[in-house]
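Here is how the chains run, residue by residue.
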Amino acid sequence: MILIDGKVIAEQVKAEIAGEVKEMIAAGKKRPHLAVIIVGHDGGSETYVASKVKSCEQLGFKSTKIEYEDTISEAELLSKIEELNKDADVDGFIVQLPLPKHISEQKVIEAIDYRKDVDGFHPINIGRMSIGMPCYVSATPSGIIELLKRYEIPTSGKHCVVIGRSNIVGKPIASLMMQKSVPGDATVTVCHSRTRNLKEITLQADIIIAALGKPEFLTADMVKDGVVIIDVGTTRVPSTETKSGFRLKGDVKFDEVAPKCSYITPVPGGVGLMTIVSLLKNTLLAAKGEIYG
Ligand code: GUN
C-alpha cells in the first residue's frame, strides 16, 4: 500500500509556481494577483480563505481579501464583482462559498468574468472542461488529477467509480476521468445517494473517488484488493484532542480500507492540501494569459 502524500506533492507544485513567479518578476512583469471575497463568518470558509491568502504570500503573489458582513445585499456583491471584472490589476478572483441564503450563488458565479474565474465554476469553464478545451478547472478535481499524474497511477481503461455528484467535485472529476487524456481514459460510473446497488458497483472499481461528505462511509467490505482510493471527504467532527475543537474526517474508513489498497489518500494530508495549490496554479495561468490571452 502506498500512501499518497498530498503534502509532498503540494510543496513540489508550490515550489514550481514560486519559481515561475520569480522568473516573471525578473522579466519585469507584475506579480500574479488573486482577489478573494468572503461574506459572513463561516468557520470553514474563514480558515480556507486565510490559507489561500497565506499561500499567495509564500509564492510571491499579490492578494486582496475583501470581507463583507452577511447582511450585504446581492446587488452590492454583484456590483463588487463587476468592479473586479474591470480591474486590470486583478488577474483572477473568487467568491468563497457558501453564501448567505438571500444571495443566489449561481447568479454570483455567472456574474464573474469567465476569464477571471480561477475557481472554474462559471458555466463557460465547466462547458469547456467537459469537451476538453483549455479552461480553468476547479481546484479539487484539478488537485486529484495532479496527484494521479505525479504518482503515475495508471487510469487508462480502468473502472473509476465516483461517489457523489456535486457540481464542484463529483461531476467535474467524472468528466475529467473519462476524457481521452492521461490521467483519464477511464470507464467512469457515477454513484450518489439514490444509487441502489452501491456495494456491487464499488466492488468492481479499480479506482474509487469518494466525494459524498459522509464520514467513514466507505468500508473494507465495499472494495476489492488493489483498489486506488481518493478520499475527498473533509467533514469537521468535534474532537477533544485538538486545539480548534474539531478534526477532519474523510469519507473512507481509513484503518480498515487502507490495507486492501494499492494507493490511498489520507485525510487530512491528501487531496485537501492540493486544492489551494490548484487555485494558485489557475491564478498563475490567468496572469500569464495562457488560457484566454
Ligand atoms: N467553498 C468550498 N470550496 C470552495 C472553493 O473551491 N471555492 C470557493 N469559492 N468556495 C469554496
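Heads up: the structure comes first, above all this text.
For the structure given in this document, a descriptive report is provided here.

Conventions used here
Residues numbered from 1 in each chain as written. Predicted model: local features only at pLDDT ≥ 70, side-chain atom pairs only at ≥ 80, totals over all residues. Heavy atoms only, no water. Core = buried A, V, L, I, M, F, W, Y, C linked by side-chain atoms within 4.5 Å. Buried < 20%, exposed > 50% of the residue type's maximum accessible area, 1.4 Å probe, protein only. Helix = DSSP H or I, 4+ residues; strand = E, 2+ residues; numbered from the N terminus. Contact = heavy atoms within 4.5 Å. Pairing = 2+ DSSP bridges. Salt bridge = Lys/Arg side-chain N within 4 Å of Asp/Glu carboxyl O. Near = heavy atom within 4 Å. Polar contact = N/O pair within 3.5 Å; in protein donor to acceptor, adjacent residues only side chain to side chain. Areas by Shrake-Rupley, 256 points an atom, 1.4 Å probe, with all protein chains shown as cover.

Within the largest apolar cluster, 51 residues are counted, with the highest numbers of intra-cluster contacts made by I17, F61, I144, M177, I209 and I230. Ranked by residues supplied to this core, first place goes to helix α10 (residues 271-288) with 8 residues. Discounting chain neighbours no more than four positions away, the residues touching I17 are L59, F61, V277, L280, K281 and L284.

Looking now at the sheet that holds strand β11 (residues 261-264). Taking strand neighbours across the sheet as the criterion, the 6 strands line up as β1-β11-β8-β7-β5-β6 in an open arrangement whose pairing is parallel. The open sheet is flanked by β1 (2-3) and β6 (187-191), the only strands paired with a single partner.

Take the pattern of salt bridges next. For the coordinates displayed, the defined rule picks out 14 salt bridges. Three or more residues joined by partner-sharing salt bridges are found here, namely E16, E146, R150 and K281.

The subject of this paragraph is the site of the ligand. Residues in close proximity to the ligand include K52, V95, Q96, L97, D119 and F121, which together make up its full environment. V95 has a polar backbone atom sitting 2.8 Å from a nitrogen atom of the ligand. In this structure, a nitrogen atom belonging to the ligand sits 2.9 Å away from a main-chain N or O atom of L97. Protein contact buries 78% of the 280 Å² of open area that the ligand shows by itself.

Function cannot be inferred from these measures alone, as they are strictly geometric.
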